[in-house]
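In case you want the letters, here they are:
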Amino acid sequence: MGDDGHLIEDCIFCKILRGEIPSFKVFEDDKTFAFMDINPVNEGHALVIPKFHAENLYATPDEWFGPTLSTVRRVATAVNAVVQPEGINLLQANGPGAKQSVFHLHMHIIPRSATDGATMNWDLVPGDMDAIGELAKKITAAIE
Ligand code: 5GP
Ligand code: ZN
């Protein structure tokens, strides 16, 4: 990734950005990185993060949030094309009361169906890594 001056040591998403732990990447550009959530609420659940460590929305400068949202739009469009869900929710948690568990700003892209029973908060249940990896490749190919 080159310059990692905006990242910190002790953050799982900064480690993903540095390639220190693996991820199913679907897209990256100079300011953002998109990858599959490994505890998907539904098939196709993806995350988009800035290449800048900020704990939450309040700490994220506009210059990083704008590109993050732009990548969210691109990746959600690809997820929609590949998974063809009934709908997609975007979600972004700030603070423990909102069930934020990783303190590096991230936007969830969550495919939905009206009957999936998903609520705002959910338990982390590991997904099928082969299926997640396959979906990551299809979504990458669908990014326009
Ligand atoms: P939050 O609860 O902070 O809104 O969401 C954090 C998300 O990060 C969760 O949905 C969780 O599944 C995901 N997550 C946590 N650790 C990892 C990881 O190592 N790799 C990936 N791909 N996702 C992770
Ligand atoms: Zn971080």
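Position numbers for residues start from 1 in each chain and track the written sequence from start to end. Each chain takes a letter, starting from A, and each ligand takes a number, starting from 1, following the order in which they are written. The predicted nature of this model means local features are confined to residues of pLDDT at least 70 and side-chain atom pairs, given and counted, to a pLDDT of 80 or more, with totals for whole chains, interfaces and linings taken over all residues. Water and hydrogen atoms were dropped before computing side-chain values, which therefore reflect all heavy atoms in the structure.

What about the overall build of the protein chain?
So, point 1. Helix numbers and strand numbers start at the N terminus; a helix is a DSSP run of H or I with at least 4 residues, a strand a run of E with at least 2. In terms of regular secondary structure, the protein chain is built from three helices and five strands.
So, point 2. Along the chain direction, N to C, the helices and strands of the protein chain fall in the order α-β-β-β-α-β-β-α.
So, point 3. C-alpha atoms define the radius of gyration in this analysis, and the globule rule sets the expected value at 2.2 Å times the number of residues to the power 0.38. Over its C-alpha atoms the protein chain spans a radius of gyration of 14 Å, differing by no more than 12% from the 15 Å that the globule rule assigns to 144 residues.
So, point 4. C-alpha extents for the protein chain along the principal axes are approximately 40 × 35 × 25 Å.
So, point 5. Burial status across the protein chain gives 41% buried among its 144 residues.
So, point 6. In what follows, a contact means two residues having at least one pair of non-hydrogen atoms within 4.5 Å. For the protein chain, restricting intrachain contacts to residue pairs at least 6 apart in sequence, the fraction spanning at least 24 positions comes to 61%.
So, point 7. Per-residue accessibility takes into account occlusion by the displayed protein chains alone, with areas from the Shrake-Rupley method and a 1.4 Å probe. Working note: accessible area of the protein chain is about 7700 Å², and carbon and sulfur atoms make up 53% of it.
So, point 8. Considering the protein chain, the positive charge centre built from 11 side chains and the negative charge centre built from 20 side chains are found 3 Å apart. In this scheme, a residue with accessible area under 20% of its type's maximum is buried, one over 50% is exposed, and one in between is partly exposed, where area comes from a 1.4 Å probe on protein chains only. In this count, Lys and Arg are taken as positive residues and Asp and Glu as negative ones, while His and the chain termini are left out. By convention, the charge on Lys lies at NZ, on Arg at CZ, on Asp at CG and on Glu at CD.

Focus on the coordination of the zinc ion (ligand 2)
Between any two of four tetrahedral donors, the ideal angle at the metal is 109.5 degrees; between two of six octahedral donors, it is 90 or 180 degrees.
So, point 1. Because water is not among the atoms used, a metal site may look incomplete, as its donors are only the N, O and S atoms within 2.8 Å, or 3.2 Å for Na, K and Ca. All of the protein donors around the zinc ion (ligand 2) are Cys11 (SG), Cys14 (SG), His53 (ND1) and His104 (ND1); their distances to the metal are 2.1 to 2.3 Å.
So, point 2. All geometry calls rest on donor angles, where a four-donor set with angles between 85 and 135 degrees is tetrahedral, four- and six-donor sets with opposite donors more than 155 degrees apart and all others between 65 and 115 are square planar and octahedral, and all else is irregular. Its four donor atoms give the zinc ion (ligand 2) angles of 105 to 115 degrees at the centre, a pattern that matches the tetrahedral case.
So, point 3. Donor residues for the zinc ion (ligand 2), ordered by position in the chain, follow C-x2-C-x38-H-x50-H. One end of the pair, Cys14, is in helix α1 (residues 12-18); the other, His53, is in the loop between β3 (46-50) and α2 (62-83), with 39 residues separating them in the sequence. This pair shows no difference in class: Cys14 is buried, exactly as His53 is.

Re the pattern of salt bridges
So, point 1. Salt bridges, as used here, are contacts in which a Lys or Arg side-chain nitrogen is within 4 Å of a carboxyl oxygen on Asp or Glu. By the definition in use, this model includes five salt bridges.
So, point 2. Across the pair Glu20 and Arg18 runs a salt bridge whose closest N-O atoms are separated by 2.6 Å.
So, point 3. With a relative accessible area of 45%, Glu20 lands in the partly exposed category.
So, point 4. The closest approach of N and O atoms between Glu28 and Lys25, which form a salt bridge, is 2.7 Å.
So, point 5. Overall, Glu28 belongs to the partly exposed group, its relative accessible area being 33%.
So, point 6. Bridged by salt links that share partners, the residues Lys25, Glu28 and Lys51 form one connected network.

Points about the site of ligand 1
So, point 1. Throughout, near means a residue has at least one heavy atom within 4 Å of the molecule or strand. Met36, Asp37, Asn39, Ser101 and His108 are the nearest of the 17 residues found near ligand 1.
So, point 2. Between ligand 1 and the protein, one listed contact pairs a nitrogen atom with a backbone N or O atom of Met36 at 2.8 Å.
So, point 3. Counting of polar contacts relies on pairs of N or O atoms within 3.5 Å, with two restrictions inside protein: one atom must be capable of donating a hydrogen and the other of accepting it, and residues adjacent in sequence are counted only when both atoms are side-chain atoms. In the model, an oxygen atom of ligand 1 is placed 3.0 Å from a nitrogen or oxygen of the Lys99 main chain.
So, point 4. If ligand 1 stood free it would expose 520 Å²; the protein chains cover 90% of that surface.
So, point 5. Where the shell around ligand 1 is concerned, the elements lending two or more residues are α1 and β2 (32-36).

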